[in-house]
Amino acid sequence: MVSPRLVAKIESEEPSLRFAVLIDADNAQAAVIEGLLAEVARFGEATVKRIYGDFTSQASAQWKKVLNKHAIKPVQQFAYTSGKNATDSTLIIDAMDLLYTRRFDGFCLVSSDSDFTGLALRIREEGLTVIGFGEQKTPDAFRNACHKFIFTELLRSLPSENVETKVAKNGASKNSTSTTSSANAPAAKEQPTKVFPREFILQALEEASDDTGWANLGTFGSYLTKLQPDFDARLYGFKKLSELVKAKTDLFQIENRKINDSDTKVLYVRAK
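The present account deals with the structure reproduced in this document. All figures in this text were calculated on a predicted structure; none of them were measured in a lab.

### With respect to the layout of surface pockets
Rolled over the atoms, a probe as big as a water molecule pinpoints where empty space is left.
Okay, step 1: Each pocket or cavity is described by its volume, and for the largest pocket that value is around 1,100 Å³.
Okay, step 2: Considering the residues around the largest pocket, the lining is formed by 39 residues, among which E39, R42, K148, D232 and R234 are closest to the centre.
Okay, step 3: The dominant element in the lining of the largest pocket, judged by the number of residues it contributes, is helix α11 (residues 217-227), at 7 residues.

The structure is reproduced here in structure tokens:
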């Protein structure tokens with residue numbers, strides 16, 4: 001018998017958005033799966049998790065080790081002919097079948113392939129959220145077809161623990177400071193250097209602000225994503241947009257405001 005206390009807790013919680021996570025094994029790396037699912041959890045619940053590919057091939061062998069661990073359902077697709085990719089078609093057909101069940105609030109499409117641009121646009125036409133995941137080589141067409149696009153390079157596990165262990169074994173404790181900083185650096189080295197888009201951000205802030213020049217941080221962030229779906233504060237060395245605006249003291253002025261005389265505070269920002 002289910003505890004009445006548990007039932008009350010479940011009923012009191014806000015419903016989570018339901019997402020179908022569809023992964024193109026031919027165009028995604030297994031190394032990002034933990035970070036990817038954690039990212040999906042920020043938006044809602046991964047109700048369906050499926051991965052498509054030919055798992056008899058060596059190229060997809062990396063995925064076999066993580067499928068059971070993360071409860072991802074593999075959909076085997078043999079190549080019909082050499083040089084042709086049948087995986088894309090299977091994923092798209094499945095996505096449309098899931099779409100017409102009307103059971104989901106959105107889809108997470110994991111691929112760096114522009115072939116899924118049309119699928120993303122079709123899902124958006126139904127009023128559902130589309131979150132894309134792919135490498136920085138992903139064509140702009142697919143990026144911009146999504147409501148939000150996240151670079152998988154930002155989700156890779158960093159090999160910092162291995163680096164620190166190796167240094168400890170060599171007795172190089174005197175270099176611990178430099179080692180720690182270098183251990184935190186691999187994420188930046190794995191991706192091209194991103195120039196901070198000063199003019200774009202200031203223009204977006206101006207559009208998102210009210211008559212006094214102030215903008216709610218949430219509104220500002222939403223506007224940035226609408227203008228540029230692949231905008232991500234992590235590309236510029238910050239975990240969150242709030243950390244970015246707080247660090248850029250030469251550009252922004254921030255203010256914490258209470259909501260309706262409560263203890264809850266909301267961050268507001270405006271250009272200096």
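### Some points on the sheet that holds strand β7 (residues 215-216)
Okay, step 1: Read from one edge to the other, the open sheet built from 3 strands follows the order β7-β9-β8, with strand pairing classed as antiparallel. The strands lining the two open edges of the sheet, one partner per strand, are β7 and β8 (252-258).
Okay, step 2: Bridge count for β7 against strand β9 (residues 265-271) is 2 bridges, and the pairing is antiparallel. Along β9, the bridge assignment pairs A215 with V269.
Okay, step 3: Across the face of the sheet, helix α10 (residues 198-208) comes into contact with β7, β8 and β9 while running at roughly 120 degrees to β9.

### As for the environment of Y100
Okay, step 1: Mapped onto the elements of the fold, Y100 is located in the loop between α4 (87-99) and β4 (106-110).
Okay, step 2: With relative accessibility at 45%, the residue Y100 sits in the partly exposed group.
Okay, step 3: As a C-alpha pair, Y100 and E126 span 26 residues in sequence and 9.6 Å in three-dimensional space.

### A short note on the side chain of S111
Okay, step 1: Relative to the helices and strands, S111 is located in the loop between β4 and α5 (117-125).
Okay, step 2: At a separation of 3.1 Å, a polar atom in the side chain of S111 contacts the side chain of D24.

### A few points about empty space enclosed by the protein
Okay, step 1: Taken as a whole, this structure holds 1 cavity of 30 Å³ or more when the rule is applied.
Okay, step 2: In this structure, the largest cavity occupies an estimated 50 Å³ of space.
Okay, step 3: The wall of the largest cavity is formed by N27, A28, Q29, V32, V110, S111, S112, F133, G134, E135 and T152.
Okay, step 4: In the lining of the largest cavity, the residues fall into 4 nonpolar, 6 polar and 1 charged.

Each value, and the rule that gives it
- Residues numbered from 1 in each chain as written.
- Predicted model: local features only at pLDDT ≥ 70, side-chain atom pairs only at ≥ 80, totals over all residues.
- Heavy atoms only, no water.
- 1 Å grid on protein atoms, 1.4 Å probe; cavity = no way out; pocket = protein on both sides within 12 Å on 5 of 7 lines; lining within 4 Å.
- Points joined across faces, edges and corners; volume = space filled by probe spheres on them.
- Helix = DSSP H or I, 4+ residues; strand = E, 2+ residues; numbered from the N terminus.
- Pairing = 2+ DSSP bridges.
- Contact = heavy atoms within 4.5 Å.
- Axes fitted to C-alpha atoms, helices over the stretch in contact; angles between N-to-C directions.
- Buried < 20%, exposed > 50% of the residue type's maximum accessible area, 1.4 Å probe, protein only.
- Polar contact = N/O pair within 3.5 Å; in protein donor to acceptor, adjacent residues only side chain to side chain.
- Nonpolar A, V, L, I, M, F, W, Y, C, P; charged D, E, K, R; others polar.

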